[in-house]
Every structure is written in structure tokens, then in C-alpha cells.
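Okay, here's what each chain looks like letter by letter:
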Amino acid sequence: MKRTWPVPLLALGAASLSRAQVGPYLAFAQGVKTLQSRGLVTAPLGTKDPLQPVGFPGLPPKFGDLPEPQSTEVEFRLIRLGEGGKSGNLVRGSQGAEFIYKGYHVFADEVDGNLQTSIFTLKGNVKVIGKDSVVVGDRVTVNFDNNTYLAEDAESQLDPRLVQGMLTDDLYVKAQQSYGSERQIWSHNTDITTCNLKEPHYHLDAKDAEIRPGKRAILRHTKVKIFGRTIVSIAYLNIPLDDPTYRYTPEVGQNEDEGYYIKTRWGIPLRGDNVLDSRVDYMTKLGTGLGGDYRYFNRTMNGLLRAYKIFGKADTLSLSNDHRHEFRWGTLTFNNDYQKNNYLTAPGSTTLNTRAQLVFPQSGGASTRLSLNQSGSKSGTFDTSNRSIAISDQRSYGRQTRTTLDVNWLQSGSNYQGQTQSNDREQIDVRMRANHELKVATATLEYVRTIPVGETQGIFGGSDRTPFVSLTSDARKIFGQRAGEKLPFNTELSFGEFSSNTGAQQNKISRYNFDMRVNRPDRSDKRLRVDLGGQFRQGMYSDDTAQYTQAANANASYRLGRDTSANFRYNYMRQHGFTPLLIDRTGRTNLFTTDLSYRPTEPLLIGVQTGYDFLRLERKEISWQQVGVRTEFTPRENVMFRTLSTYDTFSQQWSNVRLDFAYKHNDQFLALGARYDGIRKVWSNANLYLENLKWGRTSFSAILTYNGFTKQFDSQQYSFIYDLHCAEAILVYTQQNTGFRSGKDVALFIRLKAIPFDIPFGFGRRGQPLGSPGGVGF
């Protein structure tokens, strides 16, 4: 049985610092992504798993009483000004100023600005209101044209929309001094928090900060403070803003593979854009882990080198690199990954994977690409290797002709120790395609072939086309727009040589083929709508065989009223003759299906569906397909009863019955579900989903799954959430009695409300969703 007891995790937004609250704040948007790297987010930021407890509502904006921003106005508009005024391009005054410019609504005690240069100096009670941000400060100098600034004693309120849904509440940034532009930002004595109190419950205090938007945030002498007390101090913190997997804070916990562990990362300052991080870990079951990550950047290339070694029982070694180099004539990218005795993915094995690609872009949209993919592994007495070397070329000749060429050389092999002969395979795959647009058709030439190399045996080119020529067109191209709408069809005339595999023998078969498809949907709004479709296909083969195929499809729908309709579908397909090619063998279909939906009263909806197979009738077998009956009863908007029953016409009994009940009141939700197995005569499954049962500042949620066959709970999950104003304390208890990784887990989290992340609730060990099929959001 597995027991996991992680220490409390604090979801802090120590992501990045931004400029003086007048230009864009995209550095914050990039920085918050790093929260994913701590494992606090299992789903993409800004999204919410519907099985997750809602918790408690967020906080109101700290500066919510300010006027609405005038983000659409670009021209300067002076609303009021005390002493002073506007003279030409100069705007100067004191004793209160208010104006709108470049999409910002600005307030200040004093203003000194030039409309020609768009540079304004604002002093005293400065408020700058944008569409997604608010700034309150003492002195701010702004260039509204290029978004450069210098600010002193300024505080900003950033709306969640500005960080593209990565936050759910406002973010507050206070800086004694900050300056910069969209390319680089510097800040001194800066505080960051999402708490709207004058004395916030927590904040990040950085003496110096440097932000390179889209690249990284560098924080020096940073303190994490809770209730005014310093919890941890970090001398140098480097956070990549383009790597959501980066883990920049210490991790402490326990799991089955590593035991109790502590994992740390220490930044080492380097000149320029290059970054070096050292990693020091300790795991009670495995030993000590040491490693480092080196990131390098310049005008033409960038990359990452990683090395990690565990000294102890695991004896794990990991080496990897990623490199990208820009040349005038193209781009080179390659990466390597070497793993020796990786206890998580391949214990007792050694693997090496290499990928490289060289791209030559050319004028006219043409490009040529060379690529190499190679992998190999060694494990005990067994070795495997795979290699692929490919060239790909795409070109256009005018507007009518396009060509694509792909040539791939494949090698694979495996060897057992002591085996006299290895299992080696080698082949070349060739794929060529050319399209030429004619006035009434499209001409296509294809050549596809698999060529064995050397003494390789057992390679059959089942998809070989050597060559294939076709003309494709439709009714609009041939007869015009109006005729094409009245009788819409697509047609193809082709000739090709194909491979026909029969047992261990491979033959070449030539095929002449004609194919016509008709599809006429009914897009009217009439009560009765009928969609029609059909196909005729004729193939003739070089071995004196021939085959034609007929197909017809019809779909009729009749609407009687709201949620009341009948649908009838008929599908027919039959082949006549014989074809030596497997790709042309489609089989037979002769099937009628129907479904009916009927609402006799407003709260009640009834549905029935079934089908009739005429092919089974020919074989004197039971032709009626399974009958499904569904009912849905909603006496009130927040209450629903639903049943789904299936009658098995072959065993002539109700094989499955599903019952669901759901009730919702504000954020509270209850769902009950049960399934009856009519074949085994037992209630096979029962589920309960309870969300956000609240009393005071505590919320309770639960998911229970009961197995009627084993007479026990397969899964039990309980969640307790306690409101801490800007944060929540979450306790999750999980017990899995069967299946993969059965056992108990207890996890405690302290998460900030403003930072969305999923807790381990609502999913089983294999990632499958738990709960009642009645739904959680109706």
C-alpha cells in the first residue's frame, strides 16, 4: 500500500516584475506560466477541470472605485486642469489634472507634457487607468509613443485579462523605482502580491529585478514574506519565461520511488544572456543527485545543456542538449538525450536518442529539409537500434503546379546476446506527388514505393503506387456554380499500378478506376428535411478481374416541435465482381436506423433509438439492433432525473439500466448515479459526487465509486477547503482499493486564489475522470 504525505505547498506568484504600469505588462503574463513548473498546475493555466471544487470567491479590486478607462481614445482630450493650461503642444498645470491620451485615463496633482514628443511627467496622487491595468503612484514620467517610462513610488493593479487568463484576481506591484521599455525592465525595492489589503498577508520583496520579456526574470535578494515575516530568502533567482517546466523553488515531499526527498536549484550569475543553474537533490531511497543546466543565447543561436547524476543505489546518469542555429541560408536544429539506468522511465537500460534537422528556405515558398532521427537502447542481453535519414522538398511552379518529394532511408535492428544472426531491416521509402490545376479538373501524379536494401527479407510495399495518375473534378468546375448546387457531385478518373500482397508473395496489379460521389444535403428550415447521397465506383484490373460498387445514403428528419423530432437513416453499399487489392474491398452494408425524441410535457423528454440490419435478415438471424430508451425529467431548473436503458434483442433482455439524479444550488452540487446489469442481475456500480457543501469558511467535496461486483468502494476522495482571504488551505484524502497504484494519499496545499491550479481530486490513478455521469455543470 502506498502512502504519500507531501509537505504543504505554497503557490506563490514569484514570476516577474513589470514596467511602470503604462506600457504593456506581458512580462507578468509570461512569468506566471512558471507556476506550471512547480506541479501546481496539471491543466493549462486559465482553464478549470470541471471536477475540481470551486472553493471560495476571489477578492474585489483594490482600486475598484476608479473611473472606467477610456481605452479607445487615442487623441489628447483635456478634461480638467487647475492652474495652467494647454498651449500648442505643451500641457502644464497644477492643483489637479485629468486627461485622456493614447487610450489611458490619467489623473495627477501636477502635469508637464509635450504632445509632440508624447512625454509626460506626472506628480502627486498619480492614477493611470488603462483597459487592463491601473497605476497609483507619486511620480511617473512616461513616453506614450514607445512605452518607455521612469516611475517612483508607484503601485499598479493588473487585471486578469492582461495576463490572458493566467490569473483569476488582480495582481498588485509596488516599486520604489522602476524604468525601462518593452524590451527590458529594471526595478528596485519591489513588492508583488495578489492580496488586496493595505498590509497584505503575503508578498514577494525583491531588492533588484531585471525583466527580459519573453526570455527571463532575474530577481536579486528576494524574500518571501507571510504576515510580515520572512519565510525564505534567495540571493539570486533566475526564472525562464519561455520554459513552463522550470522548477525554481525547493521541493520537499515523499513518494514510492524516491522516498523522502528535497530538490533544490541554485542560480549562478553569468554575463550576458547566458544562464547556469546547479541542482542539488537528496532522496532517502536513491541517494544524492547533482547536476546543472546551462542556457546560452546570442544573435544567431541558442540552446540548453543538461547533466544530472545520482550517486547511490540508482546510479542514474542523464545528459541532454537542445541547439538551434540560424544561418543566412537556413536553420539547423538538433537535440540529443542520453539516459543510463533512469529509475522512472527505463531502469537497467541505456538509451540514446538523436534528432537533427537542416532547413533551406527558398524564394517562391519552396523549401528543402534534411533530417536525421536515431534511437538505440541496451538492456541486459538485448540491443535495439533505429535510424532514419530523410530529405523532403516542396516547390511551386506558378499558381497551377505544386510538387512534393520525400525520400526516407530506414534502418532497424535488434540483437540478443548469443544469437548467431541479428534481425536487421533496411529499406528506402520514396513518395512523390505533383498537382496541376486545369480549367475543369485537377491532375495528380503520385509515385510511392518501398525498396528493400541488401538482403533484407519480409518487406512488402502494400501501399506502393508506381505510378498513380488521376483527374479529379466536381460539378461546379464542369457545369458552373448553379448546376453544381442543384446536382453536387465529385468525380475521379485514375490509372495506377499497385502492390497486391497475397501471403508471402507480392504482385503488381494495374487498375483503371472511375469514381463518382453525389452528396446533396437539405439546408432548408422546413419541418421535413431529406439529405441524399450516393456513390458509383468501377475498377478494372490487369489480372482480368473487375469490380463495381454501388452505395446510397438517405437521411430524413421531421420536426414536430421543441425537442420533438423523428430521424430515419438508410445506408446501403454492395460490391459486385472481384478485386485483388485489399484497399478496394469495402464489404457490404444494408442498414436502417431511426431515433425519436418526444416531449409530452415541459419537464419530460423521452427518446427511443434502434436499427434494422437487412443483411442479418438474409442470413435468417435476428435483424433488429439493440433498442435504447432514454428519459429526462427536470421538474425545476436545478433538479434533473435521467434514465438510459438498453434492450438486447439478441439475448432478449434488458442488458443495462442507468439511473442518474442531479441537484444544484448556487455553488453546491450533488449527483447520484447507479447502473444495473440485467445480464448478471446485479447493481454493478453506484457513484456519488458532492461538491462544495459549505459551513462558515469551510467547504467539503467528495467522490465515491462503489463496485457492486466486489462489494467495496473502488475509489474514495474527500476535499476540505478553508478560506484564508487571498489564499485557501486544502486537504485532500484519496483511497484507491483496486487497480494501478492502490493505496492512500493525503496532500495539504496552501494555494493563492488568484493562481489557478488543479488539486489531485476527481481523477483515478490512470488519469480517468471519476464521478457520476449525470454531469457536474448542468
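For the structure itself, look to the data block above.
Residues numbered from 1 in each chain as written. Predicted model: local features only at pLDDT ≥ 70, side-chain atom pairs only at ≥ 80, totals over all residues. Heavy atoms only, no water.

Peer 1: Is there a simple way to think about the pattern of salt bridges in this case?
Peer 2: Pairs can form between side chains of opposite charge once their charged atoms are near each other. A complete count under the given rule lists 24 salt bridges for this structure. Salt-bridge contacts for arginine 537 lead to aspartate 584; the nearest nitrogen and oxygen are separated by 3.1 Å. In this pair, arginine 537 sits in strand E31 (residues 528–541) while aspartate 584 sits in the loop between strand E33 (564–577) and strand E34 (589–601), placing the two residues 47 residues apart along the sequence. Several salt bridges converge on common partners, so that one network encompasses Arg562, Asp563, Arg599 and Glu602. (Salt bridge = Lys/Arg side-chain N within 4 Å of Asp/Glu carboxyl O. Helix = DSSP H or I, 4+ residues; strand = E, 2+ residues; numbered from the N terminus.)

Peer 1: Where do I start with the pairing of strand E39 (residues 668–677) in this structure?
Peer 2: Side-chain positions along a regular strand alternate between the two faces of the sheet. Pairing of strand E38 (residues 653–665) with E39 involves 10 bridges; the strand directions are antiparallel. Within E39, the residue paired with leucine 659 across the bridge is alanine 674. Between E38 and E39, which pair antiparallel and follow one another directly, the connecting turn spans two residues, one of which, asparagine 666, has a positive phi of 55°. (Pairing = 2+ DSSP bridges.)

Peer 1: I tried to follow unusual backbone geometry on my own but got confused; where do I start?
Peer 2: Most peptide bonds adopt trans geometry, and most residues besides glycine take a negative phi value. For the bond running from threonine 466 to proline 467, omega is -5°, close enough to zero to count as cis. With respect to the secondary-structure elements, proline 467 resides in strand E28 (residues 465–474). Unlike most non-glycine residues, glutamine 95 shows phi in positive territory, near 60°. Summarising the element assignment, glutamine 95 is placed in strand E4 (residues 90–101). Overall, glutamine 95 belongs to the exposed group, its relative accessible area being 60%. The backbone of lysine 681 shows a phi angle near 60°, a positive value even though the residue is not glycine. Given a relative accessible area of 55%, lysine 681 falls into the exposed group. (Buried < 20%, exposed > 50% of the residue type's maximum accessible area, 1.4 Å probe, protein only.)

Peer 1: What is the right way to look at empty space enclosed by the protein in this model?
Peer 2: The gaps of empty space that remain are located by a probe, the size of a water molecule, rolled over the atoms. On inspection of all chains with the given rule, the structure shows three cavities of 30 Å³ or more. Its boundaries defined by the atoms lining it, the second largest cavity holds a volume of some 40 Å³. Looking at the lining of the second largest cavity, the elements with two or more residues in it are E31 and strand E32 (546–561). A per-element tally of the lining of the second largest cavity places E31 first, with four residues. The class makeup of the residues in the lining of the second largest cavity is two nonpolar, five polar and two charged. (1 Å grid on protein atoms, 1.4 Å probe; cavity = no way out; pocket = protein on both sides within 12 Å on 5 of 7 lines; lining within 4 Å. Points joined across faces, edges and corners; volume = space filled by probe spheres on them. Nonpolar A, V, L, I, M, F, W, Y, C, P; charged D, E, K, R; others polar.)

Peer 1: Just checking my understanding: could you explain a nonpolar patch on the surface for this structure?
Peer 2: Residues Leu438, Leu471, Leu493, Phe514 and Phe536 make up a contiguous nonpolar surface patch of about 420 Å² in total accessible area. Residue placement: leucine 438 occurs in the loop between strand E26 (423–437) and strand E27 (442–452). (Patch = residues over 30% accessible without salt bridge, like charges linked within 9 Å, V, L, I, M, F, W, Y side chains within 5 Å. Areas by Shrake-Rupley, 256 points an atom, 1.4 Å probe, with all protein chains shown as cover.)

Peer 1: Looking at this structure, I do not really get the packing of aromatic side chains. What am I missing?
Peer 2: Geometry of an aromatic ring pair is reported as the spacing of the ring centres plus the angle between the planes. Enumeration over the complete set of coordinates arrives at 29 aromatic pairs. Taken together, a centroid distance of 5.6 Å and an interplanar angle of 50° make the contact between tyrosine 101 and phenylalanine 120 tilted. Of the two residues, tyrosine 101 is situated in strand E4 and phenylalanine 120 in strand E7 (residues 119–129); the sequence distance between them amounts to 19 residues. Residue tyrosine 101 shares its accessibility class with phenylalanine 120, and that shared class is buried. What links up through ring pairs into an aromatic cluster is the set Phe76, Phe99, Tyr101, Tyr104, Phe120 and Phe144. In this structure, lysine 263 packs its charged tip against the face of tyrosine 261, placed 5.0 Å from the ring centre. (Phe/Tyr/Trp six-rings, centres within 6.5 Å; stacked < 30°, edge-to-face > 60°. Lys NZ or Arg CZ within 6 Å of the ring centre and 35° of its normal.)

Peer 1: For this particular structure, what's the right way to read the pairing of strand E6 (residues 110–114)?
Peer 2: Burial along E6 is one-sided: Val111 and Gly113 are buried, and none of Glu110, Asp112 and Asn114, which face the opposite way, are. Sheet analysis places E4 next to E6, joined by four bridges and oriented antiparallel. Bridge pairing in E6 links leucine 90 to asparagine 114. A loop of four residues connects E6 with E7, the two strands running antiparallel in sequence, and serine 118 in this loop sits at a positive phi of about 60°.

Peer 1: Explain the side chain of asparagine 685 here, please?
Peer 2: Note on placement: asparagine 685 falls in strand E40 (residues 682–695). Since its relative accessible area comes to 19%, asparagine 685 is described here as buried. Among the polar contacts listed, one links the side chain of asparagine 685 to the backbone oxygen of tyrosine 706, at a separation of 3.4 Å. When near neighbours in sequence (up to four residues on either side) are disregarded, asparagine 685 contacts Arg658, Gly673, Ala674, Arg675, Thr705, Tyr706 and Gly708. (Polar contact = N/O pair within 3.5 Å; in protein donor to acceptor, adjacent residues only side chain to side chain. Contact = heavy atoms within 4.5 Å.)

Taken by themselves, the reported measurements are silent on function.
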